[in-house]
Amino acid sequence: MIKVLLADDNQLTLNQVSEMIATSGVNAVVVGQAMDGETAAKLLFTLRPNVLITDIDMPVMNGVELSAFVAERKLPVKVIALSNYDSYEFVRPVMKHGAMDYLLKHEMTPGLLRAKLLEAGAILRVEESTTAREEVYSLLARQEFLRKLLLGIVGEEEQWQIMLQQAEFQPGRRELALIRIINYRILYHNKEEADLQRLSQSVLGVCNSICSTLGNGIACEAAAGEYVVVFHFPGSTSKGVTRQKATEYLATLSGNLERLLGLHLHCHLEGFDNGIETIRIHYMRARLALNSEYGLEENNRIAVLDEKRMLDALTRADRAAIREMVFDTLSQGCDVQEVVVHLLRISERLLASHNLPHSSVQMELVQDHFRRGIQPEAAGDILSDYLCEVGDMVRKFMLEYSRHVREAIVYIHEHYHEDMSQDVTARAIGITTVHLSRLFRAETGSTFIDYLTSYRLDIAKEILKEGTLSVKEVSHRVGFQNSGYFIKVFRKHVGVTPFQYRKEQWAEG
C-alpha cells in the first residue's frame, strides 16, 4: 500500500488529485492533506507517507523548501511536484532536491498520475529490498566479526577499522552473556548437519529479534550449542546499573528461547570496560565461571580402550557388567556429557553392525532426561537402563545366528585391534575357514573380511574425531599393520582420507 500525502493551497486541486488516486486502480491511499508546506512537513512525521505530491507555489513554506526539508533529513519519501508553469527553470530547484518528477496541473490526467504512482511504487519496492538486504548483510558481517574475536581469529586491518566504527564495538561498558544449551552434545549428537544449522539459525533469529526490540545487543554462535550476546552501554553508566539492565535483557532472551524453541539453558554474565579487542579473555572467563557454577568439566574425555569391555558386555547382555562399567566411568571425574555421548555412540554402532533398527523414539526418551541437566548418579541409572535394553536386543538378535557365527562376531569385537584374519578366527572357534566363510556370508549377508573392515573403520572414525592420535597410530589401534594400506581402505569406503575426515569433523564441531 502506497501512502500519499497531498500538499496544495488550492482545495479544488486537493479534491481532484484525491479522486484520481481513489479511482486509479493503484494500491494507494491518501493519508493526509495540507494547504501549506509547514503543515505538510509536520504530517511527514506523524503520517509517515511513502509519496508526497506537493505544489511548488504555497504559503509559509513552498514546495522547494519542503522538498529541501525532505532531502536534508533523508526521509524515505518520493516527491512528485505540481506546477502551473510550463517551464523547467521553475521546477529545477525541486528536482535538484531529489524530487522524482513533476506534473503540470493543466496537463495532469488520471492515466498520467496512475503511471507516476506505479513508478513510485516500483522504486520504493526496490529500495526497501535493498535496505533490508544491506541490513541483513551488515548484521551478518558484524556477527561474524564478533565470532572471530571470540575465537581469537585476526582479520584484515581494513575490515577491523570498519567494524570498530560500528556502534556495538565503540568504547563503553559491556556485559557478555554466555548462553549454553544444556547437554547439547547428548541431545543433538545423532542429528543431521542440516538440523543443527536450522537450530542455530532459530536461536540467532530469536536473539536478533529480541536485541532489536531491546535496542541493545549483538549475538553470534561461539561454539556448537553455545552462543554469546554482547550488550553495550556507552557513556559513564555505573557497573551496578549495567549489570541490572543486562540481567533483565538476558532474562528476556533466555525466557523467549525456552518458550519459543523449547530449550533449557545455562547462562552467565561477564562485564568488562576495556576494548572489544579483549573480548576473548572475558569469553574464556565466562566459560570457566559457568563450568564451575554448574560443576562441568571440559576436555576430560574417556579412553577409547574402554569400548572393548563395554562392547563385550553389550554383546553378552551382561546387565551387571554394563551397569558397573557405566558407574565406574562416571566416578572417575569425567565429563558426564562426554561419557553419555561416547556410550550412546557405542550402542548405535553396535546396533548398526548387526543391521538392527535403531529406535529414534527410544533415543529421544533417553535424551529427554538430560534436557534440564542431571547429576552423575541419575545419569548412570538412565544410561545403564538404556544400554541394557540395547544389550538385550543384540542378544536376542544374536540368537538368530548359529553358534559359530555368533562366536565369530564376538571374536571380531574383542580382537579387531589385533593382526587377525578369517583363518585365525576359524581356528579360535574350532571350525574350518571354508565352513566359517560359508556360514558367515549366509547368515549375515556379508563376507568375514567386509564385516571386519567395516567394524575397524567405524572404530577408526570415532578415534579420529577425538583428534589425539596420528593417522599412523589410529591405523595400528584398529588392527592395520600398514598405515598406507589403512589410508587406501579408508578412502575407498569413506570417500576421503583419514586426515580429511578428521579435518571435516573438526570443522563441523
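Enquirer: Is there a simple way to explain the overall build of the protein in this structure?
Expert: A count of helices and strands for the protein gives 22 helices and nine strands. Whereas a compact globule of 509 residues would reach a radius of gyration of roughly 23 Å, the protein reaches 35 Å, over 25% beyond that. Along the first, second and third principal axes, the C-alpha atoms of the protein reach 110 × 55 × 40 Å. Here the protein holds 509 residues, and the buried ones make up 48% of them. Within the protein, residue pairs in contact and separated by at least 24 positions form 69% of the contacts whose partners lie at least 6 positions apart. Of the accessible surface of the protein, which amounts to about 25,600 Å², a share of 51% is contributed by carbon and sulfur atoms. Within the protein, one finds 56 positive and 67 negative side-chain charges whose respective centroids are separated by 5 Å.

Enquirer: Teacher, can you tell me more about unusual backbone geometry here?
Expert: One non-glycine residue, Lys74, lies in the positive phi region at around 50 degrees. For Ala317, which is not a glycine, the phi torsion comes out positive at approximately 55 degrees. Looking at the secondary structure, you find Ala317 in the loop between helix H11 (306–316) and helix H12 (319–330).

Enquirer: Help me out: how do you make sense of the pairing of strand S4 (residues 78–83) in this one?
Expert: Successive residues of a regular strand alternate their side chains across the two faces of the sheet. Taking burial as the measure, the six residues of S4 include six buried ones, the bulk of the element. Going residue by residue along S4, you find Lys78, Ile80 and Leu82 tucked away on one face and Val79, Ala81 and Ser83 tucked away on the opposite face as well. Here strand S3 (residues 51–55) runs beside S4; their pairing, made up of five bridges, is parallel. Looking across to S4, one finds that Thr54 is bridged to Ala81.

Enquirer: I keep staring at the nonpolar core and nothing clicks. Help me out?
Expert: Here is a general trend for soluble globular proteins: nonpolar side chains tend to be buried in one another's company. Among the nonpolar cores identified, the biggest contains 66 residues, and Met310, Leu387, Phe440 and Phe486 are the most heavily contacted of them. Among the elements that line this core, the one with the most residues is helix H15 (residues 376–398), at ten residues. If we skip the residues at most four places from it in the chain, Phe440 touches Val405, Ala408, Ile409, Ile412, Gly445, Ser446, Thr447, Phe448 and Tyr451. With 28 residues, the next largest nonpolar core counts Tyr188, Ala219, Tyr227 and Ala246 among its residues.

Enquirer: Before we go on, may I ask you to explain the sheet that holds strand S8 (residues 226–233) in this structure?
Expert: In a beta sheet, neighbouring strands pair by backbone hydrogen bonds and run either parallel or antiparallel. An order of S7-S8-S6-S9 is seen for the four strands of this open sheet, with the pairing classed as antiparallel. Each edge of the open sheet carries a strand with a single partner, namely strand S7 (218–223) and strand S9 (265–272). If you compare each strand with its neighbour and ignore which way they point, the axes differ by 25 degrees on average. Here strand S6 (residues 173–181) pairs with S9 via eight bridges, running antiparallel.

Enquirer: Any chance you could explain the packing of helix H16 (residues 403–415) against helix H17 (residues 422–429) here in plain terms?
Expert: For any two helices packed against each other, the geometry is given by the interaxial angle and the distance between the axes. It is at 10 Å that the axes of H16 and H17 come closest, and there the two elements cross at 120 degrees. Classified by the angle their axes make, H16 and H17 are oblique. Seen from above, H16 lies across H17 with right-handed handedness. Facing H16, whose interface residues are His404, Glu407, Ala408 and Tyr411, H17 presents Val424, Thr425, Ala428 and Ile429. For the contact of H16 with H17, the residue count by class is five nonpolar, two polar and one charged.

Enquirer: Quick question: what am I supposed to make of the pattern of salt bridges here?
Expert: Scanning the entire structure with this criterion turns up 22 salt bridges. One salt bridge in this structure joins Glu168 and Arg142, with 2.9 Å as the shortest N-O distance. On the criterion of sequence distance, the pair formed by Glu168 in the loop between helix H6 (157–163) and S6 and Arg142 in helix H5 (residues 110–151) is long-range, its members being 26 residues apart. Residue Glu168 shares its accessibility class with Arg142, and that shared class is buried. For Lys239, the salt bridge is made with Asp273, and the minimal N-O distance between the two is 3.8 Å. Residue Lys239 is located in helix H9 (residues 239–261), and its partner Asp273 is located in the loop between S9 and helix H10 (279–293); the two are separated by 34 residues in the primary sequence. In this structure Lys239 comes out as exposed when scored by relative accessible area, which is 51%. When its relative accessible area of 43% is taken as the criterion, Asp273 is described as partly exposed.

Enquirer: Hey, could you run me through the side chain of Ser475 in this one?
Expert: Inspection of the secondary structure puts Ser475 in helix H20 (residues 471–477). At 2.6 Å, the side chain of Ser475 and the backbone oxygen of Lys472 are in polar contact. Apart from residues no more than four positions distant in its own chain, Ser475 is found in contact with Phe480, Ser483 and Phe486.

Procedures and definitions
Residues numbered from 1 in each chain as written. Predicted model: local features only at pLDDT ≥ 70, side-chain atom pairs only at ≥ 80, totals over all residues. Heavy atoms only, no water. Helix = DSSP H or I, 4+ residues; strand = E, 2+ residues; numbered from the N terminus. Rg over C-alpha atoms; globule rule 2.2 N^0.38 Å. Buried < 20%, exposed > 50% of the residue type's maximum accessible area, 1.4 Å probe, protein only. Contact = heavy atoms within 4.5 Å. Areas by Shrake-Rupley, 256 points an atom, 1.4 Å probe, with all protein chains shown as cover. Lys, Arg positive; Asp, Glu negative; His and termini not counted. Charge placed at Lys NZ, Arg CZ, Asp CG, Glu CD. Pairing = 2+ DSSP bridges. Core = buried A, V, L, I, M, F, W, Y, C linked by side-chain atoms within 4.5 Å. Axes fitted to C-alpha atoms, helices over the stretch in contact; angles between N-to-C directions. Parallel < 35°, antiparallel > 145°, perpendicular 65-115°, else oblique. Left-handed = near helix turned anticlockwise from the far one by under 90°. Nonpolar A, V, L, I, M, F, W, Y, C, P; charged D, E, K, R; others polar. Salt bridge = Lys/Arg side-chain N within 4 Å of Asp/Glu carboxyl O. Polar contact = N/O pair within 3.5 Å; in protein donor to acceptor, adjacent residues only side chain to side chain.

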